[in-house]
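The lines below spell out each chain.
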Amino acid sequence: MAGVARERRQAVLRAIVADYISSQEPVGSKRLVERHKLNVSSATIRNDMAVLEAEGFIAQPHASSGRVPTEKGYRAFVDAINDVKPLSLPERRAISEFLESSVDLEDVMRRSAYLLAQLTHQAAVVQLPTLAVSRVKHCEVVTLTPTRLLLVLITDNGRVDQRNVELAQPIGEEALAQLRDLLNRALVGKTMADASTSLVILADEAPSDIADPLNSAISVLIDTLVENPSDRVLIAGASNLMPKTTDLLSVVEALEEQVVVLKLLTNLPELGNVSVVIGQENEDEELSKASIVTSGYGAAGETLGGLGVLGPTYMDYPGTMRKVAAVAHYISHILGEEGG
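Residues numbered from 1 in each chain as written. Predicted model: local features only at pLDDT ≥ 70, side-chain atom pairs only at ≥ 80, totals over all residues. Heavy atoms only, no water.

**Observations concerning the pairing of strand 3 (residues 123-127)**
- With 5 of its 5 residues buried, strand 3 lies for the most part within the structure.
- The pairing of strand 3 with strand 10 (residues 302-312) spans 4 bridges and is classified as antiparallel. Bridged to A124 within strand 10 is V309. (Buried < 20%, exposed > 50% of the residue type's maximum accessible area, 1.4 Å probe, protein only. Helix = DSSP H or I, 4+ residues; strand = E, 2+ residues; numbered from the N terminus. Pairing = 2+ DSSP bridges.)

**Examining the pattern of salt bridges**
- The final tally for this structure, using the stated rule, is 13 salt bridges.
- Residues R110 and E106 are paired through a salt bridge, measuring 3.2 Å at the closest nitrogen-oxygen approach. Taken together, the residues span about one helical turn, with R110 and E106 both in helix 6 (residues 105-120) at a distance of 4 residues.
- By relative accessible area, E106 is classed as partly exposed at 25%.
- For D161, the salt bridge goes to R159, with nearest N and O atoms at 2.6 Å. (Salt bridge = Lys/Arg side-chain N within 4 Å of Asp/Glu carboxyl O.)

**Overview of the packing of helix 5 (residues 89-100) against helix 6**
- One way to put it is that helix 5 packs onto helix 6 with a least axis distance of 9 Å and a crossing angle of 150°. Taken together, helix 5 and helix 6 sit at an angle that is classed as roughly antiparallel. Relative to helix 6, the crossing made by helix 5 is right-handed. Counted together, I95, F98 and L99 of helix 5 and V108, R111, S112, Y114, L115 and L119 of helix 6 form the full contact between these two elements.
- Residue classes in the contact of helix 5 with helix 6 are distributed as 7 nonpolar, 1 polar and 1 charged. (Axes fitted to C-alpha atoms, helices over the stretch in contact; angles between N-to-C directions. Parallel < 35°, antiparallel > 145°, perpendicular 65-115°, else oblique. Left-handed = near helix turned anticlockwise from the far one by under 90°. Contact = heavy atoms within 4.5 Å. Nonpolar A, V, L, I, M, F, W, Y, C, P; charged D, E, K, R; others polar.)

**Brief notes about the pairing of strand 6 (residues 160-166)**
- Covered by surrounding structure in strand 6 are D161, R163 and V165 only, the residues V160, Q162, N164 and E166 on the alternate face being uncovered.
- Pairing between strand 5 (residues 148-155) and strand 6: 7 bridges, direction antiparallel. Opposite L149, over in strand 6, you have V165 as the bridge partner.

**Overview of helix 6**
- Its 16 residues place the ends of helix 6 22 Å apart at the C-alpha level, agreeing with the 22 Å of an ideal helix rising 1.5 Å per residue.
- Looking at helix 6, one finds that the buried residues are L105, D107, V108, M109, S112, A113, L115, L116, A117 and T120.
- Backbone nitrogen of E106 and a side-chain oxygen of the N-cap are separated by 3.3 Å at the start of helix 6; the cap is D104.
- Directly beyond the C-terminal end of helix 6, a positive phi value near 60° is found at H121. (Expected span 1.5 Å × (residues − 1). Polar contact = N/O pair within 3.5 Å; in protein donor to acceptor, adjacent residues only side chain to side chain.)

**With respect to the sheet that holds strand 4 (residues 136-145)**
- If you walk across this open sheet you meet the 3 strands as 4-5-6, and the pairing is antiparallel. If you trace the sheet from one side to the other, it starts and ends with strand 4 and strand 6, each paired once. Going from strand to strand, the sheet's axes swing by 20° on average, the running direction of each strand aside.
- Packed on one face of the sheet, helix 7 (residues 173-187) meets strand 4 and strand 5 and runs near 155° to strand 4.

**Some details on the domain arrangement of the protein chain**
- Examined at the domain level, the protein chain breaks down into domain 1 (1-80), domain 2 (89-130 + 232-339) and domain 3 (135-227).
- Once you take the C-alpha centre of each, domain 1 and domain 3 turn out to be 62 Å apart. (Domains from an automatic or database assignment.)

Listed below in structure tokens is the structure:
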């Protein structure tokens, strides 16, 4: 009997969370009986609500009002979601066509951020593939001025990074071609961390006639791309949070801090999974009023970056989880095709 009562209270909690997400209004026992087929009386529902309140899953904002979920209630609701149902075929087709018409990797990521914000009506963040796992496909070297070079690093997943190199003396076309060739021999096929050893060896063995420009280029590569890589994130839909509640003002401000946003994407779930962090579970105080749904994307079983959605704790968790998972899946599909 106790098991039956527990299952019924779980059903009551799910109904309260679903109704509150839909209306943002406290939910009463009469409404639950009318809208959900719980097959028990209002008195039984009221008793179940009293137990749920005593256990900290719901709260009563005002005397004689209905109940609202607590963060503990939301967590129980999310943990009970066993499977994230896929989007409908028309929805999946629309996402696929929108992303696959992108012109390059950054366009894919920009479209993904915009799409997530549109689909969820929340703020979306998308991280470009991290250099920690990206492998160098090519390093182009372009002369900007007689004493300034532009290094253009292209990775196997389409990420493009550019760095300026200042030279003490002008460099000729023949020396430039030699420098380009030596850098590509050291970099191509390696992650930047792995390539650092090759770059150090190259600096020690540099031909004397191009030693100065080569060492300058190597110094820039190691300093900015190995020791201090700049992971980049794209943000869309921050304005979606403004009308919802003043509690989210700190979240909007936190979005402006790239470091805070990147921290959201450091502990990503395994590829194909979705993570949900609710309210006070967030380590950053600025995000303690928000819920965050994240997933990773990648290719060949390797996570290359992450994406996510930030919104109020009363967000539509099942729908948001589905949409985040779907966009992550299509980014992975596109990157897999490019890498293949």
